[in-house]
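# Observations on the three-dimensional arrangement
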Amino acid sequence: MFETPPRGSTISTRYEEPNRVARAGSAVIRWLADLGISIAGTRSLHVRGRKTGKQRAVVINLLTVDGVDYLVSPRGNTQWARNVRAAGVVDVGPRWRRRSLAATEVDDAAKPDLLKRYLDRWYWQVKGYVAGLTPDSRADEFRAGAPSIPVFVLGPR
């Protein structure tokens, strides 16, 4: 099925697949996030799979800017980003306080400031797979990298 990008955005095929060690580490951190234990701002994200319809879980860093929450997929067009794009709805938080939220993809033009803020906070964690960007990247580098990094704004359903 062909996925239509939101107005002003393009869907990138870049996907930095995690290795076995990264997947195992993420599983442990996701388990902790499901219990309500956040490590450096991690949250548990649950989204319905676009092919199977089953709930899929992943650990994410929830970026909050001026009271608005954003999901950033630094590895690119990951499976969870594709699922979020298809479902348009996600559940965020630990088991007993999970919030169901609408997720809308952010236009590429609005991404550079969000990516800068994301990297200011989590570069130490994502530096190996964030399209070559750093917190010190120039504005034109952020604009060039924006199409390869999906960003979603969260809001009420």
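A brief structural summary. (Residues numbered from 1 in each chain as written. Predicted model: local features only at pLDDT ≥ 70, side-chain atom pairs only at ≥ 80, totals over all residues. Heavy atoms only, no water.)

## Quick word on the overall build of the protein
Counting secondary structure elements, the protein contains four helices and six strands. Along the protein, from the amino end to the carboxyl end, the secondary structure elements read α-β-β-β-α-β-β-α-α-β. Per-residue burial for the protein yields a buried fraction of 45% across its 157 residues. The long-range fraction of contacts in the protein, counting pairs at least 24 apart against all pairs at least 6 apart in sequence, stands at 64%. Entry remark: accessible area of the protein is about 8600 Å², with carbon and sulfur atoms responsible for 52%. (Helix = DSSP H or I, 4+ residues; strand = E, 2+ residues; numbered from the N terminus. Buried < 20%, exposed > 50% of the residue type's maximum accessible area, 1.4 Å probe, protein only. Contact = heavy atoms within 4.5 Å. Areas by Shrake-Rupley, 256 points an atom, 1.4 Å probe, with all protein chains shown as cover.)

## Side note on helix α2 (residues 79-87)
Those residues of α2 lying buried are Trp80, Ala81, Arg82, Asn83, Val84 and Arg85. Taken together, the buried residues of α2 touch β1 (42-48), β2 (55-65), β3 (68-72), β4 (89-92), β5 (99-105) and β6 (151-155). Of the residues flanking the end of α2, it is Gly88, one or two places downstream, whose phi is positive at about 75°.

## Structural notes on the nonpolar core
Membership of the largest hydrophobic core comes to 18 residues, with the highest contact counts inside it found for Leu63 and Leu115. At the level of elements, β2, β3 and α3 (111-126) are the ones that each hand at least two residues to this core. Considering every element that reaches this core, the biggest residue donor is α3, with six residues. Once residues within four sequence positions are removed from consideration, Leu115 is found in contact with Val72, Leu133, Phe142, Ala146, Ile149 and Val151. Counting residues in each nonpolar core, the second largest holds 15 residues, with Leu45, Leu62, Leu71 and Leu101 among its members. (Core = buried A, V, L, I, M, F, W, Y, C linked by side-chain atoms within 4.5 Å.)

## Re the packing of aromatic side chains
Taken as a whole, this structure holds one aromatic pair when the rule is applied. Between Tyr118 and Trp122, the aromatic rings sit 5.0 Å apart at their centres with planes inclined by 50°, giving tilted as the arrangement. Placement of the pair is Tyr118 and Trp122 together in helix α3, with a separation of four residues, close to one helical turn. The exposure classification of Tyr118 matches that of Trp122, with both residues buried. Positioned above the aromatic ring of Tyr129 is the side chain of Arg75, whose terminal nitrogen or guanidinium carbon lies 3.6 Å from the ring centre. (Phe/Tyr/Trp six-rings, centres within 6.5 Å; stacked < 30°, edge-to-face > 60°. Lys NZ or Arg CZ within 6 Å of the ring centre and 35° of its normal.)

## Here's the deal with unusual backbone geometry
Unlike most non-glycine residues, Asp66 shows phi in positive territory, near 50°. Among the secondary structure elements, Asp66 is positioned in the loop between β2 and β3. Although it is not a glycine, Ala131 adopts a positive phi angle of roughly 60°. By the secondary structure assignment, Ala131 is in the loop between α3 and α4 (139-145). Given a relative accessible area of 34%, Ala131 falls into the partly exposed group.

## A look at the environment of Gly132
Checked against the element boundaries, Gly132 lands in the loop between α3 and α4. According to the relative accessible area criterion, Gly132 is exposed, its value standing at 71%. Separated by 10 residues in the primary sequence, Gly132 and Phe142 have C-alpha atoms spaced 9.7 Å apart.

## Re the pairing of β2
By the bridge criterion, seven bridges tie β1 to β2 in an arrangement that is antiparallel. Residue pairing across strands places Arg43 opposite Ile60, the latter belonging to β2. Taken together, β1 and the strand that follows it, β2, pair antiparallel across an intervening segment of six residues, in which Gly53 is found at a positive phi of about 80°. Inspection of the sheet shows β2 paired to β3 by four bridges, in the antiparallel sense. Each bridged residue has a counterpart across the sheet, and for Leu62 the counterpart in β3 is Leu71. Taking the residues that link successive antiparallel strands as the turn, the β2-β3 hairpin has two residues, and the phi of Asp66 there is positive, at about 50°. (Pairing = 2+ DSSP bridges.)

Fair warning: the whole summary comes from geometry, so function is off the table for now.
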